[in-house]
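# Structure assessment
This is what each chain is made of:
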Amino acid sequence: MNPVIEEFPLLLQGVAVTLQISVLVIISGSIFGLFGGLGLLYGPSWLRALLRGYVDIVRGLPLLITIFIIFYIPPALDIEVSGFAAVTVALSIFAGAHISEIVRGAVASVSRGQNDAAKALGLTFWPRIWNVILPQALPAIIPPWTNTAVEMVKGSSLAYLVSVSELLFQTYKVVGRTGAAMPLYIAAALLYFAINLALSRAGVLLERRIRYTT
Amino acid sequence: MFGLNWDSLWRHREEFLSGLALGLKLALIGLALACVIGLLVAFARTSRHQWLRIPAASYVEFIRNIPLLLILFFLYFGVPMWAFSVLPRGLADILVLDGENTTIVALAIYGGAYLAEVFRAGILGVGRAFIEAGRSLGLSGLQIARYVTLPIMVRTVLPSLGNTFISLFKDTSLAMAIAVPELTFVTRKFVTDTFQFIQAWTVAGVLYLVTTYALAALLRFLERRIRWTV
């Protein structure tokens, strides 16, 4: 157990980077996903086709391939990309595609009558979406959204492969130095588990709150 | 095309395709083992006995919340190091797996946790009347599981099984981290040898996309073909 306690500060540095990537990705992915999902439903046909292509391509590719494409191709065109930037952008694109589908499904499941009623009250498009449709779609969005957020925390471990010192890479380095593989990998697993458990619990609490007010 | 040189890529086509085939093979064996784990865990989770339910639920929750890459590292670097320092030599040798087998075991453990949830939903979806009918025929708990619950459940979980296969196939790309020569590994090696970043990653991406969509189409076709008589 000793190496885990001694090296804990280094693991925590890794946790900080993991959290940094995850928070950035969840925020930007949610923004992409919100507009992507609405665009898939209400956009003009060229936008719908474009978004459909984006969502289907990203969801058909392994996340690691998306990361490598963004990490390796721009430098070949003389655009500098750091590992951190590549991973954050790739995960955001990935999360955006998944959340687009979640938002699309949830918004489509709100009954048409709600939209018609809001129209009859004279609400224009954005107030209609923002005040009438989205609040009713939210309870259906939160649980799969939480799953995507958990997937993103797990996905941030792929940053190891482009040499970003997130939790897995830090653990790997410490194992290389101390040789205490078993306790350190278990400690890393518990740290990931703790982060994701907190995230899932937060999702459940949020969902419960929202269900009561609507 | 696009002023890029595609010749050397074409000359290495067999490596790329065998990388793709290796990924499919690993995913398929991983899925088969994951089904076994998933079934056992799902029945344990729906059991009457707490000593079965709690470990099964813990397994599912824990594995679903940690990254697959960490499981791979744990099995590939962690377990051998520990085995050689603690266990007698003969026993330790058994636990040391090569890259491909490590990937299969990791996919089985990881996929098993997801399939356990799928199977559990399938088990809970079997109507009470079927179970009661089985009981009134005098079947034991195990017999009910084998002859009543399982055949009915299989029909409902089949689509999810296909999706799990596709996502396990995509997950085989992580095996590159432990030097398994699947498609991503082959591509990265090719790129470091030739510096043809754009061509190689585009081709890898297209190969993955075509394969995942072909698999999805095939599975949908099979689903429609299989007409179950309930």
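Given the structure is predicted, the values throughout are model-derived calculations rather than measurements.

## What to know about the overall build of chain A
Assigned secondary structure in chain A consists of nine helices and zero strands. Reading chain A from its N terminus to its C terminus gives the helix and strand order α-α-α-α-α-α-α-α-α. Expressed as lengths along the three principal axes of its C-alpha atoms, the size of chain A is roughly 70 × 45 × 20 Å.

## Here's the deal with the overall build of chain B
Counting its secondary structure elements, chain B contains 10 helices and zero strands. Listed by position from the N terminus, the elements making up chain B come as α-α-α-α-α-α-α-α-α-α. Its C-alpha atoms put chain B at 75 × 50 × 25 Å along the principal axes. In chain B, buried positions account for 36% of the 230 residues.

## Digging into unusual backbone geometry
Both trends apply: most residues other than glycine have a negative phi, and most peptide bonds are in trans. Positive phi is not limited to glycine here, since D78 of chain A has a value of about 65°. Relative to the helices and strands, D78 of chain A resides in the loop between α4 (63-76) and α5 (83-108). Here the phi dihedral of F195 of chain B falls at roughly 60°; this positive angle occurs in a residue that is not glycine. The exposure class of F195 of chain B is exposed, given the 11 C-beta atoms found within 10 Å.

## What to know about the confidence of the model for chain A
Scored by pLDDT, chain A comes out at a mean of 92, with 98% of its residues at no less than 70. Looking at the elements of chain A, mean pLDDT is at its lowest for helix α1 (residues 2-6) of chain A, recorded as 83, and at its highest for α5 of chain A, recorded as 96.

## Re the interface of chain B and chain A
Taken together, the contacts link 27 residues of chain B with 30 residues of chain A. Sorting the residues of the side of chain B that touches chain A by element identifies α4 (68-86), α9 (183-194) and α10 (197-225) of chain B as the ones contributing at least two each. Among the elements that make up the side of chain B that touches chain A, the one with the highest residue count is α10 of chain B (nine residues). Looking at side-chain class alone, the side of chain B that touches chain A contains 20 nonpolar, six polar and one charged residues.

## Details of the packing of helix α2 (residues 13-45) of chain B against helix α8 (residues 141-171) of chain B
Residues and elements named next belong to chain B. In the contact formed by α2 and α8, the axes pass within 10 Å of each other and the chain directions differ by 145°. Crossing of α2 over α8 shows right-handed handedness. Note on element contacts: α8 touches α2 through A145, T164, F165, L168 and F169, opposite G23, L24, A27, G30, L31 and F43. For the contact of α2 with α8, the class distribution of residues is eight nonpolar, three polar and no charged.

## Quick notes on the nonpolar core
Within the largest apolar cluster, 122 residues are counted, with the highest numbers of intra-cluster contacts made by I67, V87 and A188 of chain A together with L69, L70, I71 and L72 of chain B. For this core, the element with the most residues is α5 of chain A, which contributes 13 residues. Aside from chain neighbours lying at most four places away, what touches L72 of chain B is T102, T103, A106, L174, A177 and I178 of chain B.

So, how was this worked out
Residues numbered from 1 in each chain as written. Chains lettered and ligands numbered in written order. Predicted model: local features only at pLDDT ≥ 70, side-chain atom pairs only at ≥ 80, totals over all residues. Helix = DSSP H or I, 4+ residues; strand = E, 2+ residues; numbered from the N terminus. Buried ≥ 20, exposed ≤ 12 C-beta atoms within 10 Å, placed from the backbone. pLDDT = per-residue confidence, 0-100. Contact = placed C-beta atoms within 7 Å. Nonpolar A, V, L, I, M, F, W, Y, C, P; charged D, E, K, R; others polar. Axes fitted to C-alpha atoms, helices over the stretch in contact; angles between N-to-C directions. Left-handed = near helix turned anticlockwise from the far one by under 90°. Core = buried A, V, L, I, M, F, W, Y, C linked by C-beta atoms within 7 Å.

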